[in-house]
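Each chain, letter by letter, is given below.
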Amino acid sequence: MKLSEHADRTEKELGIRAEDIHKWIDGFFDGEGFDQMLRMGRFPGFDPYDHRKYRHCAEALTEAYEEFSEKYTRDQIKAVFESHVKDDYNGYLPHREDFQNGTFTDKYHDDAEREEREAILDPVELAEYFEQKSAALRKPGSGGESLPFVLRIVLPTAVAMLLLVVSVFSIVIPSFRADMLDNKKEMIMELTLAAESVIENYIRQEESGELTREAAQKMAAEKVKAMRYGEKGKDYFWITDMHPRMVMHPYRPDLTGSDLSEFRDTQDKSGKKLFVEFVNIVREQKAGYVNYVWQWKDDPSRSSPKLSYVTGVPRWNWIIGTGVYLDDVEAEIDRLTRSLLAAFAAISAVVLLILGSVVWQSGRIENKRLLAESGLREAKDRYRALVEASNEGIILEVGGKNIYHNHALQRMLGFDENELAGKNIRELLAPDGTGDAATNAGLKKLYAGEVTPLKCEARALTKSGGAVDVILKISRIFFSKKNGHVISFRPIRRGRAIGAAEAIVQPSFQEEQRSEILAEIGASESAGHIILSLDRLSLLVRDMIDYGANPGAIRRAVGGIFDATLARAATLALREAGETNLPHAFLVLGSSARHEMTMFSDQDNALVFADANEADLRRINRQLLGFADRICSLLNEVGYPYCTGGLMAVNPKWCLPVAEWKKRFDKWVSDASPEAILEFNVFFDQRCAYGDGALADELWRAMVETAEHSPVFYSQLVRNCLLYQAPVDLLGHVKTHRRDGAKTVNLKECLKPIEVITRIYALKHKIRETGTVERLRRLLETGVITDKFFAEVVYVFDYLWKMRFCNQIVAHHDLKQVNDELNVAALTEAERANLGNVLSQITFFQEKLCTDFLGSPLYKTISE
């Protein structure tokens, strides 16, 4: 859309044209003078030639507020900004990451209107500037380089298409066929193992004396006979013995009891005795695959090639098997081939049209490029004039070289033009700096060639050997796609207070917000005061997300403020409940303990106190339950709701002395029931939020020791973890479920297996840390996991958390409701593919867990 079309749309829908906002959104590094150039460093990654890191992403909204706050309200700025960007990107508001990972490509608006209204030179200057050069520029359609250009474009395109066709039909399709066949093999093997497990159940009943062999075999054969799968439920299993005789075949009852020693594959020229082949494979390999021809399912009039998997049941001298018809594979390959041929025909037609258009427009594009280069040279001269008018010393540094400096800097430091041109920024600053660690770290990055905005106090060296105290401001710029800096030197005028400067380096506003919220909570005297403080938390989290903060930093911010809220609630509760001399600890559990919570997660907590004699126990328990009740009530009042499962310290079941907790651990480990495992998992992630931390550590050690003496419990923990299956299919596509009419996937459930896997390793290797990433880091340090495994798990974990936080913003603007259902249909194709790839990794993590703790592959463990 043109700028005028954007303005017309917002005028119609919002009642304001806001052309200045639209121009600003599509602005390049040629716009509003030198002041704008100095401001360009405020966002890391800013590139005026690249909208991916500029104003076509959600991160730029904050800058828009600052730019236009005096003219428009925040709601108006937000509405115009989002309308403009969403119109360009099909209703979606991209983030910087969307451009970096290729989800979107940047869109420009270089139309005639823009050239007229935002030209670097006015029409008179432009005509004068190019008057002597226009004749030298190649005119569109003038010939000259047309044929070489056609060859440069058309020939490589044709060769590329030919190579693509050859590679698809010689590599991709055969590879696809092999992969499909491998998947079929794996499927029939797993199905056969599942059927074998049914027979094993009857064998156990025979061995226990519940059934005679004859009865057990008959029941097993009937059970397997009834098992079906596949399209219309027509795929089946059969059973023979090692003679071989037919024990059971659902579609060939006429063969039951028959001697199959001479039964041959009539389609095989060698006359293969296929049932004898089954026996030989079981004897030699215990299990394996056989190719042969057999009737099509329940249709005796039709035969088809078939691939079957057979395995032995030694205790009954049986062989059980099932198979797939290879016609299915070939039919799918044929469908793929036809689709590819149709696609190539369509693509070829489109490419020919595009090539014709490209050839026709090439001359015009070349002319515009030359004009743009000339215009940029003129713009550079204009910026130089503005820099010279500045009272501050300024250096323009590109690629580590001082390409320009103004006279004000020469006068300030006493160097002439040539002397200053040969010096870089390191040579102009005192090596000891100011002694400030943050300033020195920023300067080191600058010296190393890293592009980083910086504002600090420094000492500039003069030609005479002295030094000038300055405020050094370094901003990012780009010239012809090269990284650079505008470095300004503003002399400091000291005030009356010794050492007081005009300007100081302020901490980030996000850190200030967090500190203020923590201070306000710490000084609160009621639930109402805490609520007012927590109302600012949603703004902080939103700002952190908008500025691209690491998900771990957001989790720590949310968790830290929750800790402060709980500590203040405990202090207020203690005033009402009264002091107790008995050591006790209020524990946070689960996500609260791990600092992996959203706003606002429900409560999971417990209370432990030192053992006491029977006479005092009832009184102490009652007092501490009152204390816990007040804490839980306050947390609920300020926005952290009660746990619907009653997993809170106010519940007598979760407010116990040390001895009783240890008995509870013993029961959890010995029972190993699903409910016991759930409670063990929640309690193992525990941290003392208020009170005597030694009690929490004692309980943690007791849990580790109890589990250490029960290998069976570890096995149950692992098997419980394996019940979760990543919501992806064999092709890596995300599986969804219906929720309120939308196809969604639950992000919280996707995170659970990573939390559980890490917890099991932490329990086994006695890792005290509670956070998932912190546990992984300790496991890496102790050599339990590799660098690669650590990086992969942390990437998946943080990726899903980032999506979870962003999904909260999309679903609930104020972040005060929890919604973990991600609408997959709202994602782009690239986002869905990336999510599928991430979720697929969970299966590999489970595979490692299964191998490390059970010593068997994942598929075999699941089948058992």
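Predicted, not measured: the structure shown is a model, and the values here were computed from it.

Secondary structure summary: the protein contains 31 helices and 17 strands in total. Out of the 864 residues in the protein, the part that is buried amounts to 46%. The contacts in the protein between residues at least 6 apart in sequence include a share of 63% that link residues at least 24 apart.

The strand order across the open sheet built from 5 strands is β2-β1-β5-β4-β3, with neighbouring strands paired in antiparallel fashion. Each end of this open sheet is capped by a strand with a single partner; those strands are β2 (246-248) and β3 (287-296). Between one strand and the next, the sheet's axes are offset by a mean angle of 35 degrees, whatever the strand orientation. Two elements, strand β1 (residues 238-241) and β2, share 2 bridges in a ladder whose sense is antiparallel. Residue Thr240 lies in a different strand from β2, and its bridge partner there is Met246. Sitting on the sheet, helix α10 (residues 213-225) is in contact with β1, β2 and β5 (318-325), with an inclination near 5 degrees to β5. Lying on the sheet, helix α11 (residues 274-285) is in contact with β1, β2, β3, β4 (299-313) and β5; it crosses β3 at an angle near 165 degrees.

A sheet is described by the order of its strands in space; here 3 strands give the open sequence β15-β16-β17, paired in antiparallel fashion. Taken across any chain shown, the strands that pair with only one partner, and hence form the sheet edges, are β15 (737-739) and β17 (821-823). Each adjacent strand pair in this sheet contributes to an overall mean axis angle of 60 degrees, direction not counted. Relative to β17, strand β16 (residues 742-746) runs antiparallel, the two being bridged by 3 bridges. Each bridged residue has a counterpart across the sheet, and for Val745 the counterpart in β17 is Leu822.

Turning next to helix α25 (residues 693-708). The terminal C-alpha atoms of α25 lie 23 Å apart, and with 16 residues this matches the ideal 22 Å at 1.5 Å per residue to within 8%. Those residues of α25 that sit buried are Leu695, Ala696, Leu699, Trp700, Ala702, Met703, Val704, Thr706 and Ala707.

Right, let's get into the packing of helix α4 (residues 61-68) against helix α5 (residues 74-88). At a minimum axis separation of 10 Å, α4 and α5 run at an interaxial angle of 130 degrees. By the angle between their directions, the pair α4 and α5 is classed as oblique. Judged by the twist between their axes, the crossing of α4 over α5 is right-handed. From α4, Leu61, Ala64, Tyr65 and Phe68 reach across to α5, where they touch Arg74, Ile77, Lys78 and Phe81. For the contact of α4 with α5, the class distribution of residues is 6 nonpolar, no polar and 2 charged.

A grouping of Asp179, Asp182, Glu186 and Glu190 is seen on the molecular surface, where their side chains present a negatively charged patch. With respect to the helices, strands and loops of the structure, Asp182 is situated in helix α9 (residues 146-207). Residue class for Asp182 comes out partly exposed when judged on its relative accessible area of 44%.

Moving on to the side chain of His22. By the secondary structure assignment, His22 is in helix α2 (residues 19-25). A polar side-chain atom of His22 sits 3.2 Å from a polar atom in the side chain of Thr10.

Attention now moves to the nonpolar core. In terms of nonpolar packing, the biggest core is built from 121 residues, with Leu607, Trp661, Trp668, Phe680, Phe683, Leu800 and Leu835 touching the most fellow members. For this core, the element with the highest residue contribution is helix α29 (residues 787-811), accounting for 12 residues. Once residues within four sequence positions are removed from consideration, Trp661 is found in contact with Ala606, Leu607, Val608, Lys653, Trp654, Cys655, Leu656, Trp668, Phe683 and Leu699. With 32 residues, the next largest nonpolar core counts Val168, Ala221, Tyr309 and Val313 among its residues.

Attention now moves to the pattern of salt bridges. This model, assessed by the stated rule, comprises 38 salt bridges. Asp87 serves as the salt-bridge partner of Arg9, at 2.9 Å between the closest nitrogen and oxygen. Of this pair, Arg9 sits in helix α1 (residues 3-14) while Asp87 sits in helix α5, placing them 78 residues apart in sequence. Since its relative accessible area comes to 35%, Arg9 is described here as partly exposed. A salt bridge links Arg315 to Glu200; the shortest N-O distance between them is 2.3 Å. Here the residue Arg315 occupies a position in the loop between β4 and β5, and Glu200 occupies one in helix α9, the gap between them amounting to 115 residues. Residue class for Glu200 comes out buried when judged on its relative accessible area of 14%. Through salt bridges that share partners, Arg594, Glu596, Asp685, Glu755, Arg759 and Arg775 make up one connected network.

Moving on: helix α18 (residues 527-534). Residues of α18 that are buried: Ala527, Ile530, Ser533 and Leu534. Seen end-on, α18 carries its buried residues on one side only, within an arc spanning 120 degrees.

Here the focus is the environment of Pro652. Note on placement: Pro652 falls in the loop between α22 (614-638) and β13 (655-657). Along the backbone, Pro652 and Arg622 are 30 residues apart, and their C-alpha atoms lie at a distance of 9.1 Å.

All right, on to the packing of aromatic side chains then. Overall, the coordinates contain 33 aromatic pairs when judged by the stated rule. Ring centres of Tyr236 and Trp238 lie 6.5 Å apart, and the angle between their planes is 55 degrees; this geometry places the pair in the tilted category. Residue class for Tyr236 comes out buried when judged on its relative accessible area of 3%. Of the residues examined, Trp238 reaches a relative accessible area of 3% and is grouped as buried.

Within the element layout of this structure, Asp235 appears in the loop between α10 and β1. If we skip the residues at most four places from it in the chain, Asp235 touches Met227, Arg228, Tyr229, Gly230, Lys297, Gly323 and Tyr325.

Quick look at the confidence of the model for the protein now. In this model, the protein carries an average pLDDT of 79, and 78% of its residues clear a pLDDT of 70 or more. Within the protein, strand β12 (residues 605-609) carries the highest mean pLDDT (95), whereas helix α7 (residues 112-117) carries the lowest (37). Within the model, pLDDT remains below 50 along residues 859-864, and this stretch shows 10 contacts once partners closer than five positions in the same chain are excluded.

Further remarks concern a nonpolar patch on the surface. A cluster of nonpolar residues, Leu155, Val159 and Leu163, forms a patch on the protein surface that exposes about 290 Å² of accessible area. Among the secondary structure elements, Val159 is positioned in helix α9.

With that settled, the discussion passes to the packing of helix α24 (residues 674-684) against helix α26 (residues 711-722). One way to put it is that α24 packs onto α26 with a least axis distance of 11 Å and a crossing angle of 90 degrees. With respect to α26, the axis of α24 lies roughly perpendicular. For the pair α24 and α26, contact is made by Ile677, Phe680 and Asn681 and by Phe713, Gln716, Leu717 and Asn720, respectively.

What counts, and at which threshold
Residues numbered from 1 in each chain as written. Predicted model: local features only at pLDDT ≥ 70, side-chain atom pairs only at ≥ 80, totals over all residues. Heavy atoms only, no water. Helix = DSSP H or I, 4+ residues; strand = E, 2+ residues; numbered from the N terminus. Buried < 20%, exposed > 50% of the residue type's maximum accessible area, 1.4 Å probe, protein only. Contact = heavy atoms within 4.5 Å. Pairing = 2+ DSSP bridges. Axes fitted to C-alpha atoms, helices over the stretch in contact; angles between N-to-C directions. Expected span 1.5 Å × (residues − 1). Parallel < 35°, antiparallel > 145°, perpendicular 65-115°, else oblique. Left-handed = near helix turned anticlockwise from the far one by under 90°. Nonpolar A, V, L, I, M, F, W, Y, C, P; charged D, E, K, R; others polar. Patch = residues over 30% accessible without salt bridge, like charges linked within 9 Å, V, L, I, M, F, W, Y side chains within 5 Å. Areas by Shrake-Rupley, 256 points an atom, 1.4 Å probe, with all protein chains shown as cover. Salt bridge = Lys/Arg side-chain N within 4 Å of Asp/Glu carboxyl O. Lys, Arg positive; Asp, Glu negative; His and termini not counted. Charge placed at Lys NZ, Arg CZ, Asp CG, Glu CD. Polar contact = N/O pair within 3.5 Å; in protein donor to acceptor, adjacent residues only side chain to side chain. Core = buried A, V, L, I, M, F, W, Y, C linked by side-chain atoms within 4.5 Å. Arc of directions from axis to C-beta. Phe/Tyr/Trp six-rings, centres within 6.5 Å; stacked < 30°, edge-to-face > 60°. pLDDT = per-residue confidence, 0-100.

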